[in-house]
Amino acid sequence: MAVEVNRDLCEANGLCVAAAPEVFELENDEELIIREAPADAELAARIKVAVASCPRLALRVTD
Ligand code: SF4
């Protein structure tokens, strides 16, 4: 599963980080870093929660 962030929309509030910290990280509390996610059903479910929880609709699953 791959995820993209629209940096024009992201406000770095960290909600996605809380849902899946293995994949999402805020660098210097302002820039979102997205790591490649290993194939894992439990993690994939949390990534979907992270995408759905973004109040700015800044995240998109790309595959
Ligand atoms: S939840 Fe959305 S707005 Fe918040 S850090 Fe993640 S991508 Fe950015």
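The protein is annotated in an unreviewed UniProt entry as Ferredoxin of Kutzneria buriramensis. The UniProt entry for the protein carries this comment under Cofactor (unreviewed entry): "[3Fe-4S] cluster".

Draft legend 1. Region of interest: the overall build of the protein. What the protein contains, in helices and strands, is two helices and four strands. Ordered by position in the sequence, the α and β elements of the protein form the string β-α-β-β-α-β. Relative to its length of 63 residues, the protein is compact, with a C-alpha radius of gyration of 10 Å against a globular reference of 11 Å. With respect to the principal axes defined by its C-alpha atoms, the protein has extents near 30 × 20 × 15 Å. For the protein, the accessible area works out to roughly 4100 Å², and carbon and sulfur atoms hold 49% of it.

Draft legend 2. Inspection of the site of the ligand at higher detail. Residues in contact with the ligand, as listed here, are Cys-10, Glu-11, Ala-12, Asn-13, Gly-14, Leu-15, Cys-16, Leu-32, Cys-54, Arg-56 and Leu-59. Class assignment for the residues of the shell around the ligand results in seven nonpolar, two polar and two charged.

Thresholds applied
- Residues numbered from 1 in each chain as written.
- Predicted model: local features only at pLDDT ≥ 70, side-chain atom pairs only at ≥ 80, totals over all residues.
- Heavy atoms only, no water.
- UniProt positions renumbered as here; feature names shortened; annotations may be inferred.
- Helix = DSSP H or I, 4+ residues; strand = E, 2+ residues; numbered from the N terminus.
- Rg over C-alpha atoms; globule rule 2.2 N^0.38 Å.
- Areas by Shrake-Rupley, 256 points an atom, 1.4 Å probe, with all protein chains shown as cover.
- Near = heavy atom within 4 Å.
- Nonpolar A, V, L, I, M, F, W, Y, C, P; charged D, E, K, R; others polar.

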